[in-house]
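# Coordinate analysis (summary)
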Amino acid sequence: MSKLKPILFGTAFALVAGPALAQEEQFITIGTGGQTGVYYVVGQSICRLVNRDTAETGLRCTAPATGGSIDNINQIKSGGMTMGVAQSDWQFHAYNGSSDFEGDAFDKLRAVFSVHAEPFTVVARADSGIEKFEDLAGKRVNVGNPGSGTRGTFEIVLDTMGMSMDDFSLSSELRPAEQSAALGDNQVDAISYTVGHPNGSIQEATSTVDARLVTVAGDAIDSLIAENPYYAKATIPGGMYAGNDEDTETFGVKATFVTSEDIPEETVYQVVKAVFDNFDRFKGLHPAFANLTPEEMVADGNSAPLHPGAERYYREQGWVE
Ligand code: GLU
């Protein structure tokens with residue numbers, strides 16, 4: 001006779017005896033971006049590694065598509081997400097209460113690590129004649145969905161260049177997953193995306209229509225970089241996308257992984273441990289991760305304080321004092 005005896009509770013039953021139950025499960029959610037971007041792969045990759053250890057840690061991780069950086073930060077603040085990916089400029093503004101977060105600082109925002117570089121990327125139909133950012137004047141431009149870091153940074157560039165949305169004949173707010181098709185269908189002349197390379201979205205845009213990466217440079221951009229530590233010059237290498245054999249000059253940010261001070265130390269520690277104990281596996285999950293090093297991920301792009309759970313792991317590894 002079996003040692004396990006079903007006990008009936010009305011229509012449901014439970015088994016008694018047998019092995020000790022695994023630790024109670026704790027669900028964690030990671031805010032990403034659109035499914036054609038790199039944030040989605042960051043979140044899915046972290047969850048994949050975390051979920052290998054669910055039996056020991058009790059952590060069960062999901063990484064749904066979201067509107068992007070600013071949406072993720074707001075959802076972490078409201079408790080709707082445990083962690084999320086956000087551009088380094090929006091991490092800075094959210095923590096310091098500047099720019100779009102003016103008067104609304106999120107002082108419990110905590111950095112976990114930074115990930116890949118994200119060049120500010122504009123792609124234009126070749127038949128539009130657009131070669132540099134200033135040429136967007138008078139054109140139909142997809143400026144990105146509200147809540148995305150792309151959109152926020154696009155507005156900053158407009159301001160820096162002394163331009164505004166009124167300079168465009170049309171400004172649309174399509175999400176990343178929709179905008180490449182809109183470019184191909186000639187509904188817009190140009191699209192924008194602050195994103196790691198290579199990525200599926202820009203690949204789609206440049207393979208469905210003859211399209212060019214647009215130069216974003218000049219004195220105004222040089223001053224923007226000089227005045228803000230989270231911006232740096234960036235180059236999108238030639239040969240990565242069809243019809244774009246030359247390097248494209250622009251500027252960019254880092255993708256960063258963030259959370260709230262309210263998330264327990266042990267939870268963040270286990271997530272960080274899952275990534276760095278399996279770092280080669282993590283790096284193999286997307287070409288944009290290929291050159292990551294733990295030392296840079298701990299040091300660069302993080303303007304909010306490190307979460308204590310992350311700091312604990314980095315101290316154990318000798319990566320921080
Ligand atoms: N940087 C973009 C944003 O915050 C998202 C890029 C991606 O999904 O890879 O909107």
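Anything mentioned here points back to the structure above.
How each quantity is defined
Residues numbered from 1 in each chain as written. Predicted model: local features only at pLDDT ≥ 70, side-chain atom pairs only at ≥ 80, totals over all residues. Heavy atoms only, no water. Near = heavy atom within 4 Å. Polar contact = N/O pair within 3.5 Å; in protein donor to acceptor, adjacent residues only side chain to side chain. Areas by Shrake-Rupley, 256 points an atom, 1.4 Å probe, with all protein chains shown as cover. 1 Å grid on protein atoms, 1.4 Å probe; cavity = no way out; pocket = protein on both sides within 12 Å on 5 of 7 lines; lining within 4 Å. Sits in = over half its atoms within 2 Å of the grid points. Helix = DSSP H or I, 4+ residues; strand = E, 2+ residues; numbered from the N terminus. Nonpolar A, V, L, I, M, F, W, Y, C, P; charged D, E, K, R; others polar. Points joined across faces, edges and corners; volume = space filled by probe spheres on them. Core = buried A, V, L, I, M, F, W, Y, C linked by side-chain atoms within 4.5 Å. Buried < 20%, exposed > 50% of the residue type's maximum accessible area, 1.4 Å probe, protein only. Contact = heavy atoms within 4.5 Å. Axes fitted to C-alpha atoms, helices over the stretch in contact; angles between N-to-C directions. Parallel < 35°, antiparallel > 145°, perpendicular 65-115°, else oblique. Left-handed = near helix turned anticlockwise from the far one by under 90°. Pairing = 2+ DSSP bridges. Arc of directions from axis to C-beta.

This part is about the site of the ligand. In the region of the ligand, 13 residues are neighbours, and Val38, Tyr39, Ser69, Gln87 and Thr194 sit closest. Take glutamine 87: an N or O atom from its side chain is 2.8 Å from a nitrogen atom of the ligand. Interatomic distance of 2.9 Å between a side-chain N/O atom of glutamate 118 and a nitrogen atom of the ligand. Burial of the ligand by the protein amounts to 98% of the accessible area it has alone, namely 300 Å². Given that more than half its atoms are within 2 Å of the pocket grid, the ligand belongs to the largest cavity. At the level of elements, helix H5 (149–160) and strand S9 (190–194) are the ones that each hand at least two residues to the shell around the ligand. Here the shell around the ligand is built from residues that sort into 4 nonpolar, 8 polar and 1 charged.

To continue, consider the layout of surface pockets. Its volume calculated, the largest pocket comes out at about 550 Å³. As for the largest pocket, its lining consists of 30 residues, and the residues nearest its centre are His116, Ala117, Glu118, Val253 and Lys254. At the level of secondary structure, the elements contributing two or more residues to the lining of the largest pocket comprise strand S6 (109–125), strand S11 (232–236) and strand S12 (248–260). Across the lining of the largest pocket, the residue classes tally to 17 nonpolar, 8 polar and 5 charged. Considered as a void within the structure, the second largest pocket measures approximately 180 Å³ in volume. Of all elements in the fold, only S6 and strand S10 (211–213) reach the threshold of two or more residues within the lining of the second largest pocket.

So, about empty space enclosed by the protein. Counting across every chain of the model gives 1 cavity of 30 Å³ or more. Taken as a whole, the largest cavity spans an internal volume of roughly 200 Å³. Gly68, Ser148, Thr150, Pro176 and Tyr193 are the residues nearest the centre of the largest cavity, which is lined by 24 residues in total. Elements supplying a minimum of two residues to the lining of the largest cavity: H5, helix H6 (176–184) and S9. By residue number, the principal contributor to the lining of the largest cavity is S9, which donates 3 residues. Here the lining of the largest cavity is built from residues that sort into 6 nonpolar, 16 polar and 2 charged.

What follows concerns the nonpolar core. Of all hydrophobic cores here, the largest spans 53 residues; its most connected members are Ile46, Val112, Phe113, Phe257, Phe276, Phe282 and Tyr314. The leading source of residues in this core is helix H9 (residues 265–276), at 7 residues. Not counting residues within four places of it along the chain, the set of residues in contact with tyrosine 314 comprises Val112, Phe113, Val272, Phe276, Val298, Leu306, Trp319 and Val320. Ranked by size, the runner-up nonpolar core spans 37 residues in total, among them Val141, Val143, Ile156 and Phe168.

With that settled, consider the packing of H9 against helix H12 (residues 308–317). At a minimum axis separation of 7 Å, H9 and H12 run at an interaxial angle of 45°. Compared by their axis directions, H9 and H12 come out oblique. With respect to the hand of their crossing, H9 and H12 are arranged in right-handed fashion. Contacts between H9 and H12 involve Glu265, Glu266, Val268, Tyr269, Val272, Lys273 and Phe276 on the former and, on the latter, Pro308, Gly309, Ala310, Arg312, Tyr313, Tyr314 and Glu316. Residues that form the contact of H9 with H12 fall into these classes: 8 nonpolar, 1 polar and 5 charged.

Below, the discussion takes up unusual backbone geometry. The general pattern is negative phi for most residues beyond glycine and trans for most peptide bonds. Here the amide bond leading from histidine 197 into proline 198 is cis, since omega sits at -5°, within 30 degrees of zero. Topologically, proline 198 is positioned in the loop between S9 and helix H7 (200–208). The phi torsion at serine 99 lies on the positive side, around 50°, for a residue other than glycine. Here asparagine 186, not a glycine, exhibits a phi torsion of approximately 60°, which is positive. On the accessibility criterion, asparagine 186 (37% relative accessible area) is partly exposed.

The buried fraction of S9 amounts to 5 of the 5 residues, a majority that puts the element mostly inside the structure. In S9, alternate side chains face the same way, and those of Ala190, Ser192 and Thr194 on one face and Ile191 and Tyr193 on the other are all buried. Looking at chain direction, S6 and S9 are connected through 5 bridges and run antiparallel. Along S9, the bridge assignment pairs valine 122 with serine 192. In terms of strand pairing, strand S7 (residues 140–142) meets S9 through 2 bridges, oriented parallel.

Those residues of H7 that sit buried are Ser201, Ile202, Ala205 and Thr206. The buried residues of H7 occupy an angular sector of 120° when projected down its axis, which confines them to one face. Facing away from the buried surface of H7 by more than 90 degrees, the exposed residues are Ser207 and Thr208. Buried residues along H7 sit against S6, H6, S9 and S10. Two or three places before serine 201, at the start of H7, stands the capping residue asparagine 199, its side-chain oxygen 3.0 Å from that residue's backbone nitrogen.

Don't take any of this as a statement about function, it's just geometry.
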